[in-house]
Amino acid sequence: MSLAILKPGLLTTVQDLGRHGSQKYGVIVGGAMDAFALRVANLLVGNAENDAGLEMTMIGPEIYFTEAALIAVCGGDLAPELNGREIPAWRTVYAPEGSRLRFGPARLGCRAYLAVAGGLDVPERMGSRSTYLRAGIGGHEGRALRKGDRLPVGARSPGSLALAGLLAREGQDEAAVSGWSVASELRPAYASRPTIRAIAGRELALFDDESRLRFFGEAFAVKTESDRMGYRLAGTALELKEKREMISSAVTFGTVQVPPDGQPIVLMADRQTTGGYPKIAQAASVDLPLLAQTPLGGQVRFEEISLAEAQRQYLLRENGIRALRGGLEQLQTNRNGKVNAHGE
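Residues numbered from 1 in each chain as written. Predicted model: local features only at pLDDT ≥ 70, side-chain atom pairs only at ≥ 80, totals over all residues. Heavy atoms only, no water.

So, on to unusual backbone geometry. Of note, the phi angle at Ala79 is positive, near 55°, even though the residue is not glycine. By the secondary structure assignment, Ala79 is in the loop between strand S5 (69-77) and strand S6 (81-82). (Helix = DSSP H or I, 4+ residues; strand = E, 2+ residues; numbered from the N terminus.)

Okay, here's the thing in C-alpha cells:
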C-alpha cells in the first residue's frame, strides 16, 4: 500500500519522534514539533507511538489512498475532508480504497499530524525516519513532499487490524468514523495566544530585575523569521545586569535563550545541540505542544513554575496517555466499541 500525494500543501514532511542518542556527535534530535499529537494519532490506529506519520504545516496536502486504510488526524485543525466530507480529529477513521483526503488552511493551531496504520515505511537514517530539511536527510528523499510523491506504508499490527474490524465490513466502500475519541481534557488547549509554563533558566539571575519581571509578565509576538529550529520572539528587550561572555552548553526543546539584541529565542524540534546565549527559562515539556501550534504572528506569555510542578504536570499527561493506550488495547481485545474514561 502507498499514499499518493496529489497536492503537497505548504510544508508537509515525514516525521517520527526524532533521532536520539547522537547529540554528542552534533546530530540534532528533530522529529515532530507536536510530539503529543503524533503519539496519540499513532495510538488511535494501532501503531507504535514512534511510527512515522505526516506533519502538515499551515496548509495541508491532498492524498490518494491506493488501498483501504485506517487513519487518524490529530493536532491543529487544518479542516480535514475525506471524500468531500469533513472528518473529526482525535478519532480513528476508516478510509476505503481510492479515498481522497484533503486538508485546507489552518483554523486552529498551525500543524496537523496524519497517522496511517502500519506507519510510513520510508528508510531509516540514524535510527529515525524523521525529515531534517537543513541537512537533507530522512523522510522522503530528505525533503518536503511534492506532487507525485508516493509513500509506502508498512504492515499493519494485530491491533490495527482489530480496530479496522470494528469500523469496516468486507467490501465496504464508504468511510467510517469511530465512536471512540480522545477525551477533551487530555488534548492540549491550542490557542494563538497561549500561556507557556516555564521554569527558571540557568542564567535567569544574570538579567536585571525589570527584565525578569517582563519576561514572566509581558506577551511576546512570534516573528515571521521563526521556523522548526527556533521561534524568534519580539517584545521589550531583555537586558543583562552586565555584559558577559558565555561558554556554550547543552540546550533542548523549549530552552529560551536571549541573544545580545534582547529578543528571546525559543528552541524547537530542529534546534542545535549547544547554545552560548544566556538561558533565561526552560518551557515545561507538557506545554511544548502549545508552542508548536502557535502560528507566526501569534503571541506567547510565560508563567513561572517550579521544577517539581513541571514534573507533576508531565506525569499527569503521561498517565493520561497510558490510560488512553490501555483503553484502546482493551478495545482491540474485546472489540466491544467501548473505551475507558479517557475515551469519549
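With mixed pairing, the seven strands of this closed barrel are ordered in space as S13-S20-S17-S18-S15-S14-S21. Within this sheet the neighbouring strands show an average axis-to-axis angle of 40°, counted without direction. Two strands pair when backbone bridges link them, and strand S14 (residues 220-222) and strand S21 (residues 299-304) are joined in this way by two bridges, in the antiparallel orientation. Counted as the bridge partner of Ala221 is Gln299 from S21. (Pairing = 2+ DSSP bridges. Axes fitted to C-alpha atoms, helices over the stretch in contact; angles between N-to-C directions.)

Now for a nonpolar patch on the surface. A cluster of nonpolar side chains, contributed by Leu10, Met58 and Ile59, occupies part of the molecular surface with about 260 Å² of accessible area. Within the secondary structure, Leu10 is located in the loop between strand S1 (2-7) and strand S2 (11-15). (Patch = residues over 30% accessible without salt bridge, like charges linked within 9 Å, V, L, I, M, F, W, Y side chains within 5 Å. Areas by Shrake-Rupley, 256 points an atom, 1.4 Å probe, with all protein chains shown as cover. Salt bridge = Lys/Arg side-chain N within 4 Å of Asp/Glu carboxyl O.)

The next subject is the nonpolar core. If you look at the biggest cluster of nonpolar residues, it comprises 58 residues, and the most contacted ones within it are Phe215, Ile280 and Phe302. A per-element tally of this core places helix H1 (residues 35-44) first, with seven residues. (Core = buried A, V, L, I, M, F, W, Y, C linked by side-chain atoms within 4.5 Å. Buried < 20%, exposed > 50% of the residue type's maximum accessible area, 1.4 Å probe, protein only.)

As a further point, take the pattern of salt bridges. Under the criterion given, the structure shown has 20 salt bridges. The salt bridge partner of Arg143 is Glu141, with a shortest N-O separation of 2.9 Å. Members of the salt-bridge network, linked through shared partners, are Arg39, Glu49, Arg317, Glu318 and Arg325.

With that out of the way, let us pick up the sheet that holds strand S10 (residues 108-116). With antiparallel pairing, six strands are arranged side by side in an open sheet as S2-S3-S10-S5-S8-S12. Two strands lie at the open edges of the sheet, namely S2 and strand S12 (176-181), each paired on one side alone. In this sheet, adjacent strand axes meet at a mean angle of 25° when their direction is disregarded. In this structure, S5 lies alongside S10, joined through six bridges in antiparallel fashion. Within S10, the residue paired with Asp77 across the bridge is Leu108. Relative to the sheet, H1 contacts S2, strand S3 (53-57), S5, strand S8 (91-95), S10 and S12, its axis offset from that of S5 by approximately 155°. The strands touched by helix H2 (residues 158-167) are S5, S8 and S12; relative to S12, the strand with the most contacts, the crossing angle is about 110°. (Contact = heavy atoms within 4.5 Å.)

Within the secondary structure, Tyr64 is located in strand S4 (residues 62-65). As a C-alpha pair, Tyr64 and Arg102 span 38 residues in sequence and 8.9 Å in three-dimensional space. Ignoring any residue separated from it by four or fewer positions in sequence, one finds Tyr64 in contact with Ser2, Leu3, Ala4, Leu6, Gly98, Ser99 and Arg100.

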